[in-house]
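Notes for the structure review
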Amino acid sequence: MYKKNTQDALAAGIINVRDIGNTHENISRIAGMYESEQIIGGDLFRAGFMDRESENAMRMGKTADSLEEAKEIVEWYAERGYQQIKTYSSMEPEWIAPLAKHIHDNGMRLSGHIPAFMTAKEAVDAGFDEIQHINMLFLNFMGKLDTRKKLRFTEIGEHAHELDLESKEVAAFLDKLAEKGTVVDATTTVFSSMLLRQPGKVDPEFADITDHLPVNIQRTFVGAELDVKPEHRDDYDLSAEALLAMMLKLHEHKVTMVAGSDGIPGFTLLRELELYAKAGIPNIDVLRTATLVPAQVMGADEYTGSIAVGKNADLVLLEGNPLEDITALRRTALVLEGQNMYRPDELYTALGIKPFHPSVPFELNNTTTVATKSE
C-alpha cells in the first residue's frame with residue numbers, strides 16, 4: 001500500500017484497512033505516515049506474515065527454519081502490536097497445531113493459506129481461525145496437493161466445477177467452518193479474474209471500469225494470467241461460476257465471511273461485493289461482509305463497523321441505494337472519516353482516474369486541499 005492506494009481506497013469508501021501481506025518495515029512506515037497525516041485513511045489493522053524457510057518460501061515477512069523459531073517470530077510480532085499471524089503455503093502441516101496454540105496464547109489469531117500437503121479441514125481442526133482465498137475451499141476436496149505451485153490455480157480452473165456442492169461431504173465441511181467460527185476471506189474476484197481472463201481481451205471482472213483508469217493501468221487488465229489450453233476453456237468458465245456457487249453455500253451455511261481484495265483495493269473490493277450479490281447473497285448481508293463483520297472479527301465493532309451513537313464517524317454517502325443496487329457502491333458522493341471529509345471525485349482526479357460520480361459540494365477551510373477538519 002502506498003499513498004495512491006490509500007487515496008483510491010478512500011475515494012471508493014474504504015476507510016479502515018486490514019493489511020495481511022507486508023514486511024514489518026513497510027507496514028510500520030505506512031502506519032507512521034497515517035499517524036502523522038502524511039497519507040489519508042482510517043485505522044490500520046496488521047497481520048504478521050510468516051512462512052517456512054525453503055526455496056518456495058514467500059519472503060514478504062519472516063521465515064522460520066524450525067517450529068521453535070516460528071514461535072519466536074510469533075512473539076516478535078505480538079510484542080509489536082500485531083493482531084494476527086498470516087501463514088503461507090510452505091508451512092509444515094505438523095507445525096500448525098502447536099503454532100496455533102502459541103499464537104492464541106499470545107492473544108492473536110491465525111489465518112492464511114492452507115499449507116502444502118494439508119487439507120483445509122485439517123488446518124481448521126489444528127487451529128486456523130481464518131482461511132484466505134476461495135481456492136483453498138475447493139482444494140480441500142482434491143487431495144493433499146503441493147499448493148506452493150500453480151496447481152493451486154490450475155486444478156481449480158480445470159476441476160472446481162466438478163465438485164458437487166450439494167454433497168454431504170461439502171455440507172459437513174461448511175458446517176464445521178460455521179460451528180468453529182472459522183472466517184473465510186475468499187478474495188473471489190482475484191480467482192474469477194484469473195480463470196476468465198483471455199489473451200488480448202480486457203479482464204471481464206473489470207471491463208466496466210477500465211475506461212476510467214489511466215492508460216498504463218488499463219494495460220494491466222488486458223491479457224491472460226494463466227496459460228489455459230483451448231480444450232480447458234469451458235472448464236475454466238464453468239469453474240468461475242462454481243466460485244460464486246460456493247460463496248452462496250458459505251452464506252447458506254452461516255459461515256462467517258469478510259470481503260477481501262488482494263488487488264487494487266478501491267476497485268477489487270467493490271467488485272468482490274458485486275460478485276457476492278451476483279452469487280445470490282442478499283445485499284444487506286453482502287454489505288455486512290465489508291462493514292460490521294470485519295469489525296467484529298478484529299474486535300473493533302465497539303467503535304466502528306456500523307452507524308450508532310458513540311461510534312467513529314466512518315461514513316460513506318452514495319448516489320443510490322446499495323440494498324437495491326449493489327453497483328451504487330461505486331457512486332461515492334462523499335466520504336467522512338472522523339472529522340475529515342473527502343470528495344471522491346477530487347481524489348480520483350488527482351490520481352488520473354475519471355470519477356464515477358460527482359461529489360456532494362461542501363465548503364472548505366482551505367481551498368487547496370480536498371479535505372477539511374470540522375471546527
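Notes on the structure in this doc start here. These numbers were taken from a predicted model, which means no experiment stands behind them.

A count of helices and strands for the protein chain gives 15 helices and twelve strands. Across its three principal axes, the protein chain shows a C-alpha extent of roughly 60 × 50 × 35 Å. Looking at the 375 residues of the protein chain, the share that counts as buried comes to 53%. Across the protein chain, contacts joining residues at least 24 apart in sequence account for 66% of those joining residues at least 6 apart. Carbon and sulfur atoms make up 50% of the accessible area of the protein chain, which amounts to about 16900 Å² in all. Each charge sign in the protein chain was given a centre, from 38 positive and 59 negative side chains, and these centres are 2 Å apart.

Most peptide bonds take the trans form, and the phi angle of most residues other than glycine is negative. One non-glycine residue, Phe117, adopts positive backbone phi at about 65°. When you line up the elements, Phe117 lands in the loop between β5 (109-112) and α5 (120-126). The backbone phi angle of His133 is positive, close to 85°, even though this residue is not glycine. Turning to its location among the elements, His133 is positioned in the loop between β6 (130-132) and α6 (135-139). The exposure class assigned to His133 is buried, which follows from its relative accessible area of 5%.

Here we come to helix α3 (residues 67-79). For α3, spanning 13 residues, the distance from its first C-alpha to its last is 19 Å, which sits close to the expected 18 Å at 1.5 Å a residue. Downstream of α3 by a residue or two, Gly81 has a phi angle that is positive, lying close to 85°.

Time to look at helix α4 (residues 96-105). Regarding α4, the residues found buried are Ile96, Leu99, Ala100, His102 and Ile103. Projected onto a plane normal to the axis of α4, the buried residues spread over an arc of 165° and lie on a single side. Those residues of α4 that are exposed and angled more than 90 degrees off the buried face are Lys101 and Asp105.

Criteria and thresholds
Here, residues in each chain are numbered from 1, in the same order as that chain's written sequence. Per-residue local features of the predicted model are confined to residues with pLDDT of at least 70, and side-chain atom pairs are confined, for both listing and counting, to 80 or more; whole-chain, interface and lining totals are unaffected and use all residues. Hydrogens and water are ignored here; the side-chain numbers use all heavy atoms of the structure. Numbering goes from the N terminus for both helices and strands, where a helix is a DSSP run of H or I of at least four residues and a strand is a run of E of at least two. To sort residues, take the accessible area from a 1.4 Å probe on protein chains only and compare it with the maximum for the residue type: under 20% means buried, over 50% means exposed, and anything in between is partly exposed. Note on definitions: a residue-residue contact is assigned when non-hydrogen atoms from the two residues lie within 4.5 Å. Only the protein chains shown count as cover for residues, and the accessible areas themselves come from Shrake-Rupley with a 1.4 Å probe. Under the convention used here, Asp and Glu are negative, Lys and Arg are positive, and both His and the chain ends fall outside the count. Where a charge lies is defined by one atom per residue type, namely NZ (Lys), CZ (Arg), CG (Asp) and CD (Glu). Every helix has an expected span of 1.5 Å times one less than the residues it contains. Think of it as the arc spanned by the lines of direction from the helix axis to the C-beta atoms.

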